[in-house]
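A closer look at the structure
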Amino acid sequence: MDQLCRRLLSLGAFAALLALGACATPPQDPEARADFEADNDPIEPFNRAVFDFNLVVDGAIIKPAAVAYRDVVPQPARDSVHNALENLRSPIVFANDVLQGETQRAAVTAWRFLINSTVGILGIFDVAKEAGYQPHSEDFGQTFATWGIGEGPYLVLPILGPSNPRDAAGLATEWYLDPFNRWMDNTDRDWAIWTRAGLTGIDARSRNIETIDELQKTSIDFYAAVRSLYRQRRAEEIRNSRPTSESPGPTPLSGAPEALPSPDRQEAATAESSAGR
Amino acid sequence: MTAIARSLRAGAVALVACFTLTMAATAQTAPSAKEFVQKVGNEAIHNLTDKSMSDSERVKQMRTFLRDNFDEPAVSKFVLGTYWNRATEAQRAEFEKLYEIVVAHNYAGLFKKYSGQTFQVLGQRTDGDATIVNAQIDQTNGAPPIPVELQVQKDGSVWRAVDIKVDGVSMPQTHRKEYSSVINRSRNGVEGLLQAMRSKAKQLEAENPSE
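Remember, it's a predicted structure, so these values are computed and weren't measured experimentally.

Structural notes on the overall build of chain A
Within chain A one finds 13 helices and 2 strands. The proportion of buried residues among the 277 residues of chain A is 45%. Taking as baseline every contact in chain A between residues at least 6 positions apart, the subset at least 24 positions apart corresponds to 66%.

Shown next as structure tokens:
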């Protein structure tokens, strides 16, 4: 994995160079300039290029895989996969609960992990939920936010989708610290890490198919819509106004969370102020 | 004779009493913000998810639903933001109409997949002079409930929604950001946005006409 980290780092450095060359020029018009500053997206041309790239990958690989997964695998089996993936992520959620000083939520996460890993057979069945321990999600990006670290400018990551420097650092931290990943890495079973990552992505994407389709179909500037959605969702997640159970962080690719109620929902990301007037 | 007069009088009294009671009852049942939101939620979740409805019909009903329950001029003004002042009367009116079409198609597409969910109002709070009702959509498949917030205001004697947030995401806020980006990237300002919305509406209407 160290080799992988180095590769990721050099990829990051390369992206940073590209981004420098792709800085947006602030507009002259005062209102346009106010929008420009509020959008906090200084490398927008670069981000848009990555976003378009992600859309292509999504259309060619990820979405078809998610659709096939949903069509072929029956719901109970998909639920089991989802539960097992969620359970596998519990140590990370627990660590973040603790780092945020959320002792009660940490206790719930710990109980859930203990119950589901044993009675729930390696997390395949969410028996803890039946017992009243509702699932929730946390990640390092949210923890950094509660420590007062700002999100920084908008950033679209290849494949992983909408992000920002804080949340990207959170993702990297999680990837590095995750006990399952470490164990597999130490035992030369990197394929298990990638399988898990792939499954997590397909699971998340398969819960968002129509929501993203509708959003894309009805939006005029899909990029700008997703940017706003991501920030609003992140802000909501950071506030913990509601326990969220589903996927960690951004969904793969377009990563657009639902703008609307959807029965096959999945959390994606959160931030931005409300539209209240 | 007196017996008749007496019963007539009793009848009149009863009538008046009835009338007064009805008035009082009417006054009492003028819906609260919470009742309004519950009604809107039920309507959305029951009527607009009807599986036997054609896609066009769903969009058509969604438009009526939006018109009845949302303060469309206020939402349009919010969505256009600072550009509202730059827009002419004609542009504002056109924007409002196109926006209704785009939102109706979007929502109709999402509600189509619903079945069996229920909507319950949880509470209400005030934030400045805004009344915000929070609710949730309970799902059938064991998935966690979806939080919904409606900001409502009284328009005469009827309530209308001016903002809707689902899962922490405000639809008008998202559109405001999206459309300001379109305006800023276009050479023609508001007219550029309207051009893009016209072709978007045309494309959506070609698929599922609602006019």
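A few points about the overall build of chain B
Secondary structure assignment for chain B yields 7 helices and 5 strands. Starting at the N terminus, the α and β elements of chain B follow one another as α-α-α-α-α-β-β-β-β-β-α-α. Considering chain B as a whole, with its 211 residues, one finds that 39% of them fall into the buried category.

Some thoughts on the sheet that holds strand β4 (residues 158-166) of chain B
Residue and element names in this part refer to chain B. Taken in spatial order, the 5 strands line up as β1-β2-β3-β4-β5 in an open sheet, and their pairing is antiparallel. Lying at the two open borders of the sheet, with one neighbouring strand each, are β1 (118-127) and β5 (169-170). Two strands pair when backbone bridges link them, and β4 and β5 are joined in this way by 2 bridges, in the antiparallel orientation. Note that in β5 the partner of lysine 165 across the bridge is serine 170. Each of β1, β2 (130-138), β3 (146-155) and β4 touches helix α2 (residues 33-46); the most contacted strand, β1, lies at about 145° to it.

A few points about the confidence of the model for chain A
Counting all residues, the mean pLDDT for chain A is 83, and 79% of those residues have values of 70 or more. Taken element by element, the predicted model of chain A shows its lowest mean pLDDT in helix α1 (residues 2-20) of chain A (55) and its highest in strand β1 (residues 155-157) of chain A (98).

Describing the environment of B:Pro31
Residue and element names in this part refer to chain B. Summarising the element assignment, proline 31 is placed in the loop between α1 (2-29) and α2. Note on proline 31: 13 C-beta atoms within 10 Å, which makes it partly exposed. Along the chain, proline 31 and valine 158 lie 127 residues apart, while their C-alpha atoms are 8.3 Å from each other. Filtering out sequence-adjacent residues up to four positions away, proline 31 remains in contact with Phe36, Lys39 and Trp159.

Quick word on the packing of helix α12 (residues 209-218) of chain A against helix α5 (residues 89-111) of chain B
Put simply, α12(A) and α5(B) touch, their axes get as near as 9 Å, and they point 165° apart. Classed by the angle they form, the pair α12(A) and α5(B) counts as roughly antiparallel. Judged by the sense of rotation from one axis to the other, the crossing of α12(A) with α5(B) is right-handed. The residues of α5(B) that touch α12(A), namely those facing A:Thr211, A:Glu214 and A:Thr218, are B:Val102, B:His105, B:Asn106, B:Gly109 and B:Leu110. Residue composition of the contact of α12(A) with α5(B), grouped by class: 2 nonpolar, 5 polar and 1 charged.

Side note on unusual backbone geometry
In the Ramachandran plot, A:Asn40 falls in the positive-phi region, its phi being about 45° despite a non-glycine side chain. In this structure, A:Asn40 sits in the loop between α2 (30-39) and α3 (44-72).

Focus: the nonpolar core
Residues and elements named next belong to chain B. Judged by nonpolar contacts, the single largest core of 68 residues is most densely connected at Val37, Val133 and Val152. Looking at which element gives the most residues to this core, the answer is α5, with 9 residues. Setting aside residues no more than four positions away along its own chain, valine 152 makes contact with Ala33, Phe36, Val37, Thr131, Val133, Trp159, Arg160, Ala161 and Val162.

Details of helix α4 (residues 72-80) of chain B
Residues and elements named next belong to chain B. Along α4, the positions that sit buried rather than exposed are Val75, Ser76, Phe78, Val79 and Leu80. Here the buried face of α4 lies against α5, β4 and α6 (171-185). Glycine 81 sits one or two residues past α4 and shows a positive phi near 55°.

Thresholds, definitions, all that
Here the residue numbering is sequential within each chain, running from 1 through the sequence in written order. Throughout, the order in which chains and ligands are written sets their labels, letters from A for the former and numbers from 1 for the latter. With pLDDT at 70 or above as the cut-off, local features in this predicted model cover only qualifying residues; side-chain atom pairs require 80 or more to be listed or tallied, and sums for whole chains, interfaces and linings still use all residues. Secondary structure elements follow DSSP: runs of H or I of four or more residues count as helices, runs of E of two or more count as strands, with numbering from the N terminus. The exposure label follows from counting other C-beta atoms within 10 Å of a residue's C-beta, where the C-beta atoms are placed from the backbone and the thresholds are 20 or more for buried and 12 or fewer for exposed, leaving partly exposed in between. Whether two residues are in contact is decided by their C-beta atoms, placed from the backbone, lying within 7 Å. Strands qualify as paired when DSSP identifies two bridges or more between them. In this description, a line fitted to the C-alpha atoms serves as the axis of each element, helices being fitted only across the stretch in contact, and the angle between N-to-C directions of two axes falls anywhere from 0 to 180 degrees. pLDDT expresses how confident the predictor is about each individual residue, on a scale running from 0 to 100. Working definition: roughly parallel below 35 degrees, roughly antiparallel above 145 degrees, roughly perpendicular at 65 to 115 degrees, and oblique for all remaining angles. Left-handed describes a crossing in which the near helix is turned anticlockwise from the far one by less than a right angle; the clockwise case is right-handed. Residues were grouped as follows: Ala, Val, Leu, Ile, Met, Phe, Trp, Tyr, Cys and Pro as nonpolar; Asp, Glu, Lys and Arg as charged; and all remaining residues, including Gly, as polar. By convention the nonpolar core is taken to be a set of buried residues drawn from Ala, Val, Leu, Ile, Met, Phe, Trp, Tyr and Cys and joined through C-beta atoms within 7 Å.

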